[in-house]
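Residues per chain, in single letters:
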Amino acid sequence: MKTWQNILGDSITSAAHLKEHLDQLETEFNAAPQPAHLDITSISRIIATYPMRINSYYLQLIKKVGDPLWKQAVPDAAELLDPVCIEDPLGEEDLSPVPNLVHKYPDRVLFLVSSQCAMYCRFCTRKRMVGTGKMIITQETIAAGLDYIRRHPAVREVLLSGGDPLLLPDAQIDYLLNELRTIPTLKVIRIGTRVPCTLPMRITPELVAILKKYHPLYINTHFNHPAEITPQSSAACNLLADAGIPLGCQTVLLKGVNDNTEIMRELLLKLLEIRVKPYYLFQTDLTRGTNHFRTSTAAGIKIMRSLIGHISGLAIPTFALDGPGGMGKIPLTPDYILSRGDNLIFENFRGDICTYPESGDAI
Ligand SMILES: *Cc1c(COP(=O)(O)O)cnc(C)c1O
Ligand code: SF4
């Protein structure tokens, strides 16, 4: 059996290699012809700015030119023609007291500990730097981040991200978690990782044995489409859940990938079956090079309305917008309230109108 390192090593990272695979896909599935812009020069230009990595596991899930998994993994000419979005929409660099650590909320910090991912998602929020030389993570930045957390007792939770923290070697993950656990004021460790979806074989029994030493440890993973839920990704999530690690999912609402109710419903329900609780559904950030993935916020609210009440509440994420310039996340919720006063008048999930008498207490 191939190790996860081998599978990662087999990734498609060059235009010529991608082209070879596409020609094969076209013949194999009698697929639609490739879009004209997908010539080697054009792809090379895109990946010189925004790197590509499609590992052999994720590659075999792509069945057609232009399908939802393709869109997440394969460069698009639109990435270099984005007229709207900005480099660092969340203002993360301005909110970093030390490099690679973002302190935006009072009680929790985002700590970027890896610059690599198992696949470079075309819609990535940190597209400007992940997988490139612009994201510099060293022993020194890690030490400075640990020191910051140690010196700020108000920080009770750390969110390890990147890049993907679980692409680090086991020994480094063990070291990092161990160091974090020497800080008594830090209560909760959360890891943001897409490997259960994009490289599930990375979740080995050895890795899980390390992670479970550091409870309370939460993992938020990232699935965007039901076709990403495979026997391998289910097995990965099972290993983690069996180790007592609560699993959440941060999905991004993406045009042409999951921006319809049926796909979203199927994704959310399948996540519950593999013991992953949908946590956030994100409105796509204003990240330069990703404008072609953005839907309107109304489209997302409409999807939420068609799900709330109709499927298990456990399957319902919070639809959220991360405000530009470090404003933070706000929930975008369908509005059920029709009027307030002595009576609260609202409609339910079916559209029936309901009157609820208020208590009369002054607020
Ligand atoms: C999203 C985010 C968090 C975590 O927010 P939650 O609502 O707790 O999931 C923390 N710090 C930063 C900088 C973030 O962007
Ligand atoms: S796994 Fe996450 S950090 Fe890595 S490229 Fe995808 S969205 Fe970006």
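Rules behind the numbers
- Residues numbered from 1 in each chain as written.
- Chains lettered and ligands numbered in written order.
- Predicted model: local features only at pLDDT ≥ 70, side-chain atom pairs only at ≥ 80, totals over all residues.
- Heavy atoms only, no water.
- Helix = DSSP H or I, 4+ residues; strand = E, 2+ residues; numbered from the N terminus.
- Rg over C-alpha atoms; globule rule 2.2 N^0.38 Å.
- Buried < 20%, exposed > 50% of the residue type's maximum accessible area, 1.4 Å probe, protein only.
- Contact = heavy atoms within 4.5 Å.
- Lys, Arg positive; Asp, Glu negative; His and termini not counted.
- Charge placed at Lys NZ, Arg CZ, Asp CG, Glu CD.
- Polar contact = N/O pair within 3.5 Å; in protein donor to acceptor, adjacent residues only side chain to side chain.
- Salt bridge = Lys/Arg side-chain N within 4 Å of Asp/Glu carboxyl O.
- Pairing = 2+ DSSP bridges.
- Axes fitted to C-alpha atoms, helices over the stretch in contact; angles between N-to-C directions.
- Near = heavy atom within 4 Å.
- Nonpolar A, V, L, I, M, F, W, Y, C, P; charged D, E, K, R; others polar.
- Core = buried A, V, L, I, M, F, W, Y, C linked by side-chain atoms within 4.5 Å.
- Domains from an automatic or database assignment.
- Areas by Shrake-Rupley, 256 points an atom, 1.4 Å probe, with all protein chains shown as cover.
- Parallel < 35°, antiparallel > 145°, perpendicular 65-115°, else oblique.
- Left-handed = near helix turned anticlockwise from the far one by under 90°.

Draft legend 1. Layout of the overall build of the chain. Helix and strand counts for the chain come out as 12 helices and 12 strands. For the chain, whose C-alpha radius of gyration is 21 Å, the value lies close to the compact-globule estimate of 21 Å for 363 residues. By its C-alpha atoms, the chain is 70 × 55 × 40 Å across when sized along the principal axes. Classification of the 363 residues of the chain by burial places 52% in the buried group. A sequence separation of at least 24 residues applies to 77% of the contacts in the chain between residues at least 6 apart. Taking the average place of the 36 positive charges on the side chains of the chain and the average place of its 38 negative ones, the gap between the two points comes to 2 Å.

Draft legend 2. Layout of the side chain of His222. Tracing the backbone through its elements, the reader meets His222 in the loop between strand E5 (217-221) and helix H10 (231-242). There is a polar contact of 3.0 Å between the side chain of His222 and the side chain of Asn224. Other than its neighbours up to four places away in sequence, His222 contacts Phe123, Thr193, Arg194, Cys197, Cys249, Gln250 and Val252.

Draft legend 3. Main features of the pattern of salt bridges. This structure, assessed with the given rule, holds 20 salt bridges. Lys213 is the salt-bridge partner of Asp174, the closest N and O atoms lying 3.1 Å from each other. Here the residue Asp174 occupies a position in helix H7 (residues 170-180), and Lys213 occupies one in the loop between helix H9 (205-211) and E5, the gap between them amounting to 39 residues. For Asp174, a relative accessible area of 22% puts it in the partly exposed group. Across the pair Arg275 and Asp242 runs a salt bridge, and its minimum N-O distance is 2.7 Å. Of this pair, Arg275 sits in the loop between helix H11 (261-273) and strand E7 (277-283) while Asp242 sits in helix H10, placing them 33 residues apart in sequence. Under the relative-accessibility criterion, Arg275 is labelled partly exposed at 40%. Residue classification places Asp242 among the exposed residues on the basis of a relative accessible area of 58%.

Draft legend 4. Layout of the sheet that holds strand E12 (residues 353-357). The strand order across the open sheet built from three strands is E10-E11-E12, with neighbouring strands paired in antiparallel fashion. Two strands bound the open sheet, and with one partner strand each, they are strand E10 (337-339) and E12. On average, each strand axis in the sheet is tilted by 35° relative to the strand beside it, whichever way the strands run. Bridge count for E10 against strand E11 (residues 343-347) is two bridges, and the pairing is antiparallel. Directly across from Ser339, in E11, lies its bridge partner Ile345.

Draft legend 5. Spatial organisation of the site of ligand 2. Every residue lining ligand 2 is accounted for by Cys117, Met119, Tyr120, Cys121, Cys124, Gly163 and Arg194. Tallied by class, residues from the shell around ligand 2 come to five nonpolar, one polar and one charged.

Draft legend 6. Fine view of the nonpolar core. In this structure, Phe111, Ile149, Leu160, Leu180 and Leu211 are the most contacted members of the largest nonpolar core, which totals 91 residues. Split by domain, this core shows at least three residues from each of two domains, domain 1 (4-66) and domain 2 (93-331). In contact with Leu180, other than residues within four places in its own chain, are Leu146, Ile149, Val158, Leu160, Leu186 and Ile189. One finds Leu110, Cys117, Cys124 and Met129 within the second-largest nonpolar core, a separate group that totals 10 residues.

Draft legend 7. How the structure looks around the site of ligand 1. Every residue lining ligand 1 is accounted for by Val102, Lys104, Tyr105, Arg108, Leu110, Leu159, Arg190, Tyr279, Tyr280, Asp322 and Lys329. Here an oxygen atom of ligand 1 sits 2.6 Å away from a polar atom, N or O, in the side chain of Tyr279. In isolation ligand 1 has 380 Å² of accessible area, and contact with the protein removes 90% of it. Mapped onto the shell around ligand 1, the elements with two or more residues apiece are strand E1 (101-105), strand E2 (108-112) and E7. The greatest single-element share of the shell around ligand 1, amounting to three residues, is contributed by E1. A per-class count over the shell around ligand 1 returns six nonpolar, no polar and five charged.

Draft legend 8. The packing of H11 against helix H12 (residues 297-307), seen in detail. The contact between H11 and H12 brings their axes to 10 Å, and the two run at 60°. Of the possible angle classes, the one that applies to H11 and H12 is oblique. In terms of crossing hand, the pair formed by H11 and H12 is right-handed. Taken together, the residues of H12 that come into contact with H11 (itself represented by Thr261, Met264, Arg265 and Leu268) are Ile303, Ser306 and Leu307. Broken down by class, the residue content of the contact of H11 with H12 amounts to four nonpolar, two polar and one charged.

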